[in-house]
Amino acid sequence: MQMNTPSRSTIRLTRRGRAVLIATGAVVAATAVAVPLLSVDSEGDPRPTSLLIPEGWRSIQVYEAVDKALALPAGTTKKSLAKARLRLPSDAEGNPEGYLFPATYPLKEKTTPESLLSVMVDTANQRFGGPPVTAGAQRNAMNVYQAVTIASIVQAEAAGKQDMGKVARVVFNRLERGMPLQMDSTINYALNRSTLRTTAGDTRLNSPYNSYLRMGLPPTPIANPGDEAMRAAINPTPGDWLYFVTVKPGDTRFTADYAEHQRNVAEFNQNQKNQKNQKSEKSDQNRKSPVRGQQSGQPAT
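K.L.:
I'm lost on the pattern of salt bridges in this one. Help?
P.N.:
Should their charged atoms come close, side chains of opposite charge can pair. As enumerated under the stated definition, the model contains 7 salt bridges in all. In this structure, Glu 228 and Arg 231 form a salt bridge, with 3.1 Å as the shortest nitrogen-oxygen distance. Here Glu 228 pairs with Arg 231, and both are found in helix α10 (residues 227-234), just 3 residues apart, close to one helical turn. One network of salt bridges, in which partners are shared, links Asp 251, Arg 253 and Glu 267.

Below you can see the structure in the form of structure tokens.
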């Protein structure tokens, strides 16, 4: 089934990342930890009363946010997994990735990392364990854990909700054709990073999450998906697409034609180059310009 498929070294399914979205999510979550500040502890310091977990966060980000929200030493929440007794599916083998459901959670005086993680997992089980998801997974010849894994890829790869169904369809089309998924997001997960570019060296990474070399789905979800991503995973948009690339914000192009995809990738690369040049020119102008505020009569800053 792969005879007419370009070699793995030349296929680039996606050349985009989630750096901007994840950075935005980090800002939102930091705000949720600090606002609203409606209660005061015994020393008179305000305490956060809720914690927002954004869609698409990885478990490691959730652990760090919980540590911060509960004013615990770094690493405390991750260490608590051993005694949390989370109600995870057997396929997860104790790894909660994908099941720390993105939502806003109340923080009480007696909230612990274990109790908070348990609520997140229980929420995921409620959202993912109902008839719509289980039936949708069966309809697509997979179990719920596999559906969560696909939803996590969709969450990481889609530029917006409008593209989620198409991204899910690309995943299914590639799996059905025996093609490697070649998703940059899985490599980013393996390297615990977020980047817009994946190098040729990255695609040779020895990791079960390297979907350029390994066939099929990664061994676990790569993020914690929300409802929209799950809906896309069990109800992918009809289409024959095998490739996609976000050429520029708001312009994600899907195609089944490799040559067309290569043209789209070339346009993406040119846009990235132009942005880099513009930033360089702006930086040069700032270095050459007078001290800010002097021309308008304002004190220099």
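Having seen the model, we can carry on.
K.L.:
How do you make sense of helix α6 (residues 131-139) when you look at a structure like this?
P.N.:
Residue pairs spaced three or four apart in an α-helix point in one direction, given the helix's 3.6 residues per turn. Listed as buried for α6 are Val 133, Gly 136 and Ala 137. The buried residues of α6 occupy an angular sector of 100° when projected down its axis, which confines them to one face. In this structure, α6 carries Pro 131, Gln 138 and Arg 139 as exposed residues pointing more than 90 degrees from its buried face. Against the buried residues of α6 lie α5 (113-128), α7 (144-157) and α10. Ala 141 occupies a position one or two residues after α6 and carries a positive phi of about 60°.

K.L.:
Looking at this model, I keep getting lost on the nonpolar core. Mind explaining?
P.N.:
Soluble globular proteins: nonpolar side chains tend toward being buried together. Counting residues in each nonpolar core, the largest one holds 55 residues, and the members touching the most others are Leu 51, Tyr 99, Met 120, Val 154 and Met 230. Secondary structure elements with two or more residues in this core: α2 (59-69), α5, α6, α7, α8 (161-176) and α10. Setting aside its immediate chain neighbours within four residues, Tyr 99 contacts Leu 88, Pro 89, Met 120, Val 121, Ala 124, Asn 125, Phe 128, Val 144, Tyr 145, Val 148 and Asn 224.

K.L.:
Just checking my understanding: could you explain the packing of aromatic side chains for this structure?
P.N.:
Both the distance between ring centres and the angle between the ring planes are used here to describe each pair of aromatic rings. All told, the structure shown has 7 aromatic pairs when counted by the stated rule. With centroids separated by 5.9 Å and ring planes inclined at 85°, the aromatic side chains of Tyr 99 and Phe 128 adopt a geometry described as edge-to-face. Placement of Tyr 99 in the loop between α4 (81-84) and β4 (104-106) and of Phe 128 in helix α5 is noted, with a sequence separation of 29 residues between them. Judged by relative accessible area, which is 2%, Tyr 99 ranks as buried. Where Phe 101 meets Phe 128, the ring centres are 5.8 Å apart and the plane angle is 65°; that geometry is what we call edge-to-face. One end of the pair, Phe 101, is in the loop between α4 and β4; the other, Phe 128, is in helix α5, with 27 residues separating them in the sequence. In this structure, Phe 101 and Phe 128 share a single accessibility class: buried. Taken together, the aromatic side chains of Tyr 99, Phe 101, Phe 128 and Tyr 145 make up a single cluster linked through ring pairs.

Conventions and cut-offs
- Residues numbered from 1 in each chain as written.
- Predicted model: local features only at pLDDT ≥ 70, side-chain atom pairs only at ≥ 80, totals over all residues.
- Heavy atoms only, no water.
- Salt bridge = Lys/Arg side-chain N within 4 Å of Asp/Glu carboxyl O.
- Helix = DSSP H or I, 4+ residues; strand = E, 2+ residues; numbered from the N terminus.
- Buried < 20%, exposed > 50% of the residue type's maximum accessible area, 1.4 Å probe, protein only.
- Arc of directions from axis to C-beta.
- Contact = heavy atoms within 4.5 Å.
- Core = buried A, V, L, I, M, F, W, Y, C linked by side-chain atoms within 4.5 Å.
- Phe/Tyr/Trp six-rings, centres within 6.5 Å; stacked < 30°, edge-to-face > 60°.

The values are spatial; any link to function lies outside them.
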